[in-house]
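# Analysis of the macromolecular model
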Amino acid sequence: MERFLVIGERIHCISPVIRQAIADRNSAPILQRAKEQLDAGAVYLDLNIGPAERDGEEVMAWAVRLLQENFDNVPLCLDTANKKAIESGIKVYNRSKGKPIINSADAGPRLGLLEVAAANDAMAIALCAKEGIPTGVEERIMYCTEMLEKAMTLGIDPMDLLFDPLFLVIKGMQDKAQEVLETIRQITEMGLRSNAGLSNVSNGAPKHVRPIIDATYCAMAMQCGLTAAIVNPCDPRLMETIKTCDMIKGNMLYADSYLEL
Amino acid sequence: MAMTGLDIYKLTPKTNCKECGFPTCMAFSMKVAAGGVEISKCPHMSEEAMAKLSESTTPLMKAVSFGQGETEYKLGGETVLFRHEKTFVNRNRYAVLFSDEMPQEQIDAKLANMKNVHYVRIGEEMKVEIAALQYTGNKASYLALINKVKASGLKVAYMLVCEDLSVLKEALSLVGDEKPIVFGATKDNYQEMVGLAKDSKLLLGVKAAGLEELYELVENIQKLDYKELLLDTGIASVRDAFTNAVQIRRTALKEQDRTFGYPSVVFINELAKGDKFMEIALASLFTMKYGSILVLEDMDYARALPLYGLRQNIFTDPQKPMRVEPKFYPINNPGDNSPVLITVDFALTYFIVSGEVERSKVPTWLGNPDAGGYSVLTAWAAGKLSGSVIAKFIKESDIESKTKCRKLIIPGRVAVLKADIEDGLPGWEVIIGPDEAMHLPKFLRTMEGIN
Amino acid sequence: MAFKTSVQKYSGNVCNLELGTGEKKISLGGQNVIPFYSFDGDTGSGAKIGLEILDIYPDNWVDELKNLYGSAANNAAEWARLVEEKYSPDFICLRLVGADPNGLNKSVEECAALAIEVAKAVKLPLVIAGTQNHEKDLKLFEKVAEVLEGYNVLLLAAVEENYKTIAAAGVTAYKHKVAAESSVDINLAKQLNILINQLEVKSENIVMHVGSAAVGYGFEYVASTIDRIRLAALGQNDKTLQMPIITPVSFDTWNVKEGASTIEDTPEWGDQTERGIAMEISTAVGVIAAGSDAVILRHPRSAQTIRAFLGKLI
Ligand code: SF4
């Protein structure tokens, strides 16, 4: 079986440092965060430039080149609602280390991003949502199948889609946690791949508890079949958990030093 | 192989008409895959789709059989490409080739060899299982050959390698009751061949030039509703034969295409072109990878010892340890003064230890109590190799009458057992052997005072 | 429907490793497919064949082989030269059995002097096999690596107990290749590679010796271990298992009953040499078909057959 796909989340415009760096086209802070994440074991890097309605095309192309030139064509997740920006990023993208991933399409207003994926032979994260928060497993699976059908008519290989059941923050929506896991299980049963946006699940919890929630939730999701996640790879507990799950699932062979790899 | 929701979805009309009670074809397919609803709830499934679905519950590779009674063997039925995933279930079988153009002395010699190579190794009977009888144009000698093999007293199954229908019919009148393999159907004769094989459900060899043609031929034969087939890997070249063997197995198990879901036959005698060592090399290759019947020029011990050993290993259950019978084995002709050495019944351990004892040339009684088929330390940890187990084993065997020597050598790794054993076996001196089997020769020779 | 070739693409590949120097140097590995699966992709360098010679006269070998080599077998350098000229294997394996503390216990200096003589006598790449005594091998390989600097030999083998010194001396100091031995334990195979990598030794300088057994003697463990290692290396792109594999086939096949029992002991089995060759060939084909990139054989007839066999599959 395939190794779990770790997508590093730390190049995100929500961070003031990154926002500023993008505005100034200042490469240093972006490169530093990229290096930290790759050293920590990220395979893909998420590149979130925000809505970037004004200069999105230019920013995306600049950032894709910057990261790929400095890190041996590191594969990237192009993260913005701006369709044009995604297209301009893909135009300069080198796919020798992996296809670009579009982050993200959904069953509602962003369904059109599947067309971008089809037209550019890109992968896509497909959020099982339309408007607002889906109410249960059935609704999520309905969106999943809607997107799948659309993608297949567009000629996208189902394996190029990472279905994201929409992870929700535990504190405040604890009752939804099982729904998300059940959705992953069903997506897996259909023979499809899945992705988790794990960043926010522990929001609001005490700082020392957060890594524990993140890691445990991730482990439980992996047992349900989760194949990828957008996470902070610099969280050692989380990364150790992912490696251990991968090992127990037989996605990699055990060796005493497996955590050091 | 169970189908995933996605596989089933591909078979639906994808119209989302909702008649099944589900909002979309995809949602319906998923429920079908999960076993929650019958596929028949969709009124719009095509015949072909239904057939595919029902097929999905039949095995990817068919298990077929040939021979009768003592000589009945099964082939095929494999579910995996690598033995660590799951046991290979039906071992390959070896055949020796005879033909009507062979001089009588040659036929006699082969029959004699087949009689000679017949032994038991770790509970398995080793012998040539099939006589492959090839027709090359002389009907009288061909029928005489069949009668001769039949009269030889050998317990073998037959493979009639003959494409001439009328000759084949006569041959079948001689050995038809013993369910021989009929080889074989070609694109020119397959209808008649199927007709001939069908009544008695004989295993039918299928032969074509290349995989494309073979595939087409199998499809045609299946249309005649016959599925007791054995696919020929061809003799154009070793490379082609190997490619074909792998592709046949892989098409069935990985691509899940049952058209190639049958066992295969490899005419190694043709590929090796009279070079005996090459024949051993090729037979080893096809034993490892996907040959079901391997036809050889001849069988002697130089061929049998490696090939049957290899086969026995490759077709063991990876979950189950291989065991040798718990008892005393005489190594290097021990007598009534020879020492006693204890190991375990795990086959790998036993073989390594017995090999080293043989190398020492010291006559020894090698005993392995029933230790659950584990290695020394594992057996000890599991309580299966304890002082009382060893003491009981010694007492219950008749070793005390076979040797007057009361020296009992135990594996160095379970030195802690010494006192326990001595308590249970008054009169015996327990000697602690080396930790590693490879040090046994020196240990034994020193103990016995040899150089 | 028409037949469509089933193709399996893998993301990983086996490292390419060079042994020896000059015109007769050889490559191991480089493939990104299972052995002989040319319909899937690149089959790499193909398996390489080595012939075994000893540092002492091969008293325990079958008479037929002793006669074949004649007096040359008294002198390893002469023996190596004869093997190179007459049988041209891909490499020669010099096995320093005389150093065994349980045997003649020759000094490391004596062995090193002999190794350099052999190296000078031939152009073929060398594999130097030790005694399997961890402490002795450690000293032995340290010395042999030093005197053979520049010959790019393979040291067979380092184990958990002595890999640090052997890898440091062999690879880092004197630029040889090291074989990591793991006795049919796949997790240990991986672990040893990681540990040696952590000594700043690149994967291109490591060969795996994952264990060996004669056919009939637990050979399935060897075959499945190699299968699993190769599937991890190719399918999971596990970088810590992408080193080429060497299997010293002859070290086992001539010791088991089928190869060791004389015609007097087992008359019904027929000629001993023939059986020994047959066991060697069958075992070699078995490990090569599973994924071994090099085999060590004893009888030139076996080497000849395996070469012809490989020729038919390329
Ligand atoms: S009845 Fe058949 S075609 Fe109609 S929605 Fe259900 S599965 Fe699709």
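In case you missed it, the structure is sitting above this.
Nothing here was measured: the structure is a model prediction, and the numbers come from that model.

### Topic: helix H2 (residues 76–87) of chain C
Residues and elements named next belong to chain C. Look at H2: 15 Å from first C-alpha to last across twelve residues, which is about the 16 Å you get at 1.5 Å a residue. For H2, the complete set of buried residues consists of Ala-76, Ala-77, Trp-79, Ala-80, Val-83 and Glu-84. The buried residues of H2 occupy an angular sector of 165° when projected down its axis, which confines them to one face. Exposed residues pointing more than 90 degrees away from the buried face of H2 are listed as Glu-85 and Lys-86.

### Let's talk about the interface of chain A and chain B
Each partner contributes residues to the interface: chain A has twelve residues there, and chain B has twelve residues. Surface buried jointly by chain A and chain B totals about 990 Å² across both partners, of which 72% is contributed by carbon and sulfur atoms. Together, Glu-149, Met-152 and Met-190 of chain A form the three largest contributors to the area buried by chain A at its contact with chain B, with a combined 50%. Between the two partners, chain A and chain B, sit zero salt bridges.

### Description of the interface of chain C and chain B
Facing the 53 residues of chain C at the interface are 55 residues of chain B. When residues of chain C are sorted by the area they lose upon contact with chain B, Phe-3, Glu-220 and Lys-312 of chain C head the list and together hold 15% of the total. The partner of Arg-121 of chain B in a salt bridge is Glu-258 of chain C, with the nearest N and O atoms 3.7 Å apart. Remark: the boundary between chain C and chain B carries 17 residue pairs in polar contact (both at pLDDT 80 or more).

### Structural notes on the environment of Gly-197 of chain A
All names here are of chain A. In this structure, Gly-197 sits in strand S7 (residues 193–197). Along the sequence, Gly-197 and Ala-28 sit 169 residues apart, while their C-alpha atoms lie 26 Å from each other. Setting aside residues no more than four positions away along its own chain, Gly-197 makes contact with Asp-164, Phe-167 and Ile-230.

### A look at the side chain of Gln-236 of chain C
Looking at where Gln-236 of chain C falls in the secondary structure, it is placed in the loop between helix H7 (219–235) and strand S9 (246–247). Residue class for Gln-236 of chain C comes out buried when judged on its relative accessible area of 19%. Non-local contacts of Gln-236 of chain C, meaning those with residues more than four positions away in its chain, are made with Met-1, Gly-250, Asn-251, Met-252 and Leu-253 of chain A together with Leu-231 of chain C.

Rules behind the numbers
- Residues numbered from 1 in each chain as written.
- Chains lettered and ligands numbered in written order.
- Predicted model: local features only at pLDDT ≥ 70, side-chain atom pairs only at ≥ 80, totals over all residues.
- Heavy atoms only, no water.
- Helix = DSSP H or I, 4+ residues; strand = E, 2+ residues; numbered from the N terminus.
- Expected span 1.5 Å × (residues − 1).
- Buried < 20%, exposed > 50% of the residue type's maximum accessible area, 1.4 Å probe, protein only.
- Arc of directions from axis to C-beta.
- Contact = heavy atoms within 4.5 Å.
- Buried area = accessible area lost by both parts, 1.4 Å probe.
- Salt bridge = Lys/Arg side-chain N within 4 Å of Asp/Glu carboxyl O.
- Polar contact = N/O pair within 3.5 Å; in protein donor to acceptor, adjacent residues only side chain to side chain.

Any functional reading would require information that these geometric values do not contain.
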